[in-house]
Amino acid sequence: MSSDAQQHALEQLQNLRREYAAKLPSVLTKLEHSSEQLNAEQPLPLELLQPLYQELHKLAGSAGSFGFAELSVQSREKEQLVKKWLGGEAPTTAEVAEFVAAVQQLRVLIDASAPDDAANVLVAGHSQAVQLADADRHLIYLLEDDLDLAAELQLALTNFGYRVEHYVTLDAAEAAVGKVRPDFLLVDVMFSGDSRTGPESIAALQERAIDPLSVVFITARDDFDAYLAAVRAGAVGYFVKPLDIPQLVNCLESQLKLAQSSPYRILIVDDDVLLARHYKVVLEHAGMRVELISDPREVLEVMRDFHPELVLLDLHLPECRGYEVAQLIRLNPDWLRVAIAYLSSESDEQVQANAVGYGGEDFLTKPISDLRLVSAVCVRAARSRQLSEAIDRDSLTGLLTHARIKERVNIEQQRARRLGKPVCVAMIDLDHFKNVNDTYGHAIGDRVIRALAQLLRQRLRQTDSIGRYGGEEFVVALPECDTAAAKLILNDLRESFAAVTFNASGTTFNVSLSCGLVSSDRCAGGSNLLEIADQALYRAKAEGRNRVCEAN
Ligand SMILES: Nc1nc2c(ncn2[C@@H]2O[C@H](COP(=O)(O)OP(=O)(O)OP(=O)(O)O)[C@@H](O)[C@H]2O)c(=O)[nH]1
């Protein structure tokens, strides 16, 4: 996050804290008033104790988050006392008087807190970088003094959709880094002699860089000391020659996926609006998207529109309980994968355990520090996303499963009709793939399938959908794309894939693909685009394979 954004978030938090501090005297006046009434009557009536308990409960939860730590602790103590009285334990007159006096002392604790006290510190470093939105091709600086190997690597990586700039010396590469930062620095590391491309030089380069570079080592060494040197130079990948290009691309892709993942979507349901806004600022500062609602009646609409990955639920809400909202969410099978955690001041373990039994998975107790909030939310949202991807994604390739890509094609077809812009659907199949399996084994066959998946991901747009339709069959949907453009893209893909060289059993081989293509604007409204694309694919196979055929 830039320092401007950091400053903006800090200012937002300070404003919220000031707003909260300004409200506190009236909150305490109300509390004092409620507690003074206790003197008048014995035994204590429930209608007096209940609101008093709620006010203290809320104060204990929110004060800590706004930097009034002692006020939070003291309110919690008083809350527990009132809870005992609510449970039937009768206090003596002296105890009640002591309680009333203690409540009046709470006001002193407001002034005792320094203005804008940084009890909660904004958390840096947890932000999920959302970057590269407009970069079509990721940039690699290749530092390689063997010109033949460099040319080979440059071609192979270009085929996978990367932009590769070649440098022969570290100085030249470093000068380029100073001008445009690459996504990766791929270095053929020399371990012997006083080489300028030894691991120490790379480590020194990392020291000089403002942010660590994503360095990938290429080397002939395959021993502990060499790996250790790579770790110390901050390498994110390590590849021993001869290079397995699909594996190298796999590593680059995983790194990019980490850096590019979209922000986690968090829904907060809490009627304490100021506190919820504080959480929102903190989580947004950490790179997440946050929606707030204070009225649980809005939950269904927000679930449908916002698709949260994690719901943070207060337990005590107007009209209903947090666990009822959790159960309500769980009634919809589409939301089973959404994680639900309670974020409440409730400290009674039994109440917490019961709430967790009803739909939610977890309990976070207010007050919660910003650091803990961000880490707790990150972990839970990441788990929810992982689970969701495991359900929707094919385990070998990470592409959409058969069911999901069919669904996507339908959605895109309807969208195309609505917008009046065509969607192209392509069915892609590897040629003579049985031969690959029979000759090199199933594991190598799997590697070929993964390589095609990587290439598709690299070359197609974020808005395109890609799925593994069957064993060696893939489907892609290209929205807002006409047949001519789709044909160009797919032919380019076909050529690139045919140029990828696989290593197995000491030999190298290449695999081609065939593709059937259909555009929604060439078919009647309700046509089955997948069936038509499949017929076109059949023709591509019949006409000799390694080609793209349009539907008739
Ligand atoms: N390695 C591997 N092979 C698979 C997978 N799924 C399907 N296959 C294999 O893919 C091959 C498909 O063979 P065929 O349908 O005969 O087609 P082909 O050999 O590609 O021939 P054409 O499509 O006519 O060019 C079979 O050998 C399957 O076992 C998989 O997940 N991994």
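These numbers were taken from a predicted model, which means no experiment stands behind them.

(A) Molecular detail of the overall build of the protein chain. In terms of regular secondary structure, the protein chain is built from 19 helices and 17 strands. Within the span of the protein chain, comprising 552 residues, buried residues form 48% of the whole. Entry remark: accessible area of the protein chain is about 26300 Å², with carbon and sulfur atoms responsible for 51%.

(B) Representation of unusual backbone geometry within the structure. Here Lys366 and Pro367 are connected by a cis peptide whose omega angle stands at -5°. With respect to the helices, strands and loops of the structure, Pro367 is situated in the loop between β10 (362–365) and α14 (370–392). In this structure, His307 takes a positive phi of about 50° despite not being glycine. Within the secondary structure, His307 is located in the loop between α11 (299–306) and β8 (310–313). Judged by relative accessible area, His307 falls into the partly exposed class, the value being 48%.

(C) View of the site of the ligand. Near the ligand lie 16 residues; those nearest to it are His432, Phe433, Asp446, Arg468 and Arg545. Within the backbone of Phe433, a nitrogen or oxygen atom sits 2.7 Å from an oxygen atom of the ligand. Residue Arg468 places a side-chain N or O atom 2.6 Å away from an oxygen atom belonging to the ligand. Within the complex, 67% of the 680 Å² of free accessible area of the ligand lies under protein.

(D) Representation of the pairing of strand β4 (residues 215–219). With 5 of its 5 residues buried, β4 lies for the most part within the structure. Burial along β4 is two-sided: the residues Val215, Phe217 and Thr219 and Val216 and Ile218 are all buried. As paired elements, strand β3 (residues 184–188) and β4 share 4 bridges and run parallel to each other. Residue pairing for β4: Val187 is matched across the bridge by Phe217.

(E) Broad picture of the pairing of strand β1 (residues 139–143). The buried fraction of β1 is high, at 5 of 5 residues. Where burial is concerned, the two faces of β1 agree: the one with Leu139, Tyr141 and Leu143 and the one with Ile140 and Leu142 are both buried. A crossover connection joins β1 to the parallel strand β2 (residues 163–167) through helix α5 (residues 147–159); in handedness this β-α-β unit is right-handed.

(F) Spatial organisation of the sheet that holds β4. The 5 strands are arranged β2-β1-β3-β4-β5 in an open sheet whose pairing can be described as parallel. Two strands bound the open sheet, and with one partner strand each, they are β2 and β5 (235–240). With strand direction ignored, the average angle separating the axes of adjacent strands in the sheet is 20°. In this sheet, β5 lies alongside β4 in parallel orientation, the contact comprising 5 bridges. Bridging from a neighbouring strand, Val216 pairs with Gly237 of β5. In the packing of α5 onto the sheet, contacts are made with β1, β2, β3 and β4, and the angle to β2 comes to roughly 170°.

(G) Molecular detail of the pattern of salt bridges. According to the stated counting rule, one finds 36 salt bridges in the structure shown. Of the charged contacts, one joins Asp348 and Lys83 as a salt bridge, the two residues approaching to 2.8 Å between their closest N and O atoms. With Asp348 in the loop between β9 (339–344) and α13 (349–357) and Lys83 in helix α3 (residues 69–86), this residue pair connects regions lying 265 residues apart in the sequence. Among the salt bridges present, the one from Arg539 reaches Glu543, with a minimum N-O distance of 3.3 Å. Look at Glu543 and you get partly exposed, because its relative accessible area is 42%. Beyond isolated ion pairs, a larger network of salt bridges with shared partners links Arg408, Glu412, Arg415, Lys421 and Glu480.

(H) Broad picture of α5. Compared with the 18 Å implied by 1.5 Å per residue over 13 residues, the 18 Å span of α5 between its first and last C-alpha is a close match. For α5, the set of buried residues is Leu149, Ala150, Leu153, Ala156, Leu157 and Asn159. Gly161, located one to two residues past α5, shows a positive phi value of around 95°.

(I) Structural view of the packing of helix α2 (residues 46–65) against helix α10 (residues 273–285). It is the contact of α2 with α10, at a shortest axis distance of 10 Å, that shows an interaxial angle of 35°. By crossing handedness, the relation of α2 to α10 is classed as left-handed. Packed against α2, whose contacting residues are Gly61, Ser62 and Ser65, the element α10 presents Leu275, His278 and Tyr279 at the interface. Of the residues contributing to the contact of α2 with α10, the split by class is 2 nonpolar, 4 polar and no charged.

(J) Fine view of the packing of aromatic side chains. Taken as a whole and judged by the stated rule, the model has 10 aromatic pairs. Ring centres of Trp85 and Phe99 lie 5.1 Å apart, and the angle between their planes is 70°; this geometry places the pair in the edge-to-face category. Note that Trp85 is positioned in helix α3 and Phe99 in helix α4 (residues 93–112), a separation of 14 residues in sequence. Phe99 shares its class with Trp85; the two are buried. Taken together, the ring pairs in this structure connect Tyr440, Phe497, Phe502 and Phe509 into an aromatic cluster.

(K) Geometry of the environment of Tyr538. By the element assignment, Tyr538 lies in helix α19 (residues 529–542). Measuring from C-alpha to C-alpha, the distance between Tyr538 and Asp429 comes to 9.7 Å, with 109 residues separating the pair along the chain.

(L) Representation of the UniProt feature "modified residue: 4-aspartylphosphate" (unreviewed entry) in the protein chain in the model. UniProt feature "modified residue: 4-aspartylphosphate" (unreviewed entry): in the numbering of this structure it lies at Asp188 and Asp314. Structurally, the position occupied by Asp188 is in strand β3. Positionally, Asp314 belongs in the loop between β8 and α12 (322–330). Judged by relative accessible area, which is 7%, Asp314 ranks as buried. Not counting the four nearest positions on each side in its chain, Asp314 is found in contact with Val269, Asp270, Asp271, Gly322, Leu343, Ser344 and Lys366.

(M) Fine view of the sheet that holds strand β7 (residues 289–293). Read from one edge of the open sheet, 5 strands run β7-β6-β8-β9-β10, paired in parallel fashion. Two strands bound the open sheet, and with one partner strand each, they are β7 and β10. Strand-to-strand, the axes of this sheet are offset by a mean angle of 25°, without reference to chain direction. Both strand β6 (residues 265–269) and β8 contribute to a ladder of 4 bridges, which runs parallel. In the strand pairing of β8, Leu267 is matched with Val311. Relative to the sheet, α12 contacts β8 and β9, its axis offset from that of β9 by approximately 170°. Against the sheet, α13 contacts β9 and β10, and its axis sits at roughly 140° relative to β10.

So, how was this worked out
- Residues numbered from 1 in each chain as written.
- Predicted model: local features only at pLDDT ≥ 70, side-chain atom pairs only at ≥ 80, totals over all residues.
- Heavy atoms only, no water.
- Helix = DSSP H or I, 4+ residues; strand = E, 2+ residues; numbered from the N terminus.
- Buried < 20%, exposed > 50% of the residue type's maximum accessible area, 1.4 Å probe, protein only.
- Areas by Shrake-Rupley, 256 points an atom, 1.4 Å probe, with all protein chains shown as cover.
- Near = heavy atom within 4 Å.
- Polar contact = N/O pair within 3.5 Å; in protein donor to acceptor, adjacent residues only side chain to side chain.
- Pairing = 2+ DSSP bridges.
- Right-handed = clockwise from strand over helix to strand, strands pointing away.
- Axes fitted to C-alpha atoms, helices over the stretch in contact; angles between N-to-C directions.
- Contact = heavy atoms within 4.5 Å.
- Salt bridge = Lys/Arg side-chain N within 4 Å of Asp/Glu carboxyl O.
- Expected span 1.5 Å × (residues − 1).
- Left-handed = near helix turned anticlockwise from the far one by under 90°.
- Nonpolar A, V, L, I, M, F, W, Y, C, P; charged D, E, K, R; others polar.
- Phe/Tyr/Trp six-rings, centres within 6.5 Å; stacked < 30°, edge-to-face > 60°.
- UniProt positions renumbered as here; feature names shortened; annotations may be inferred.

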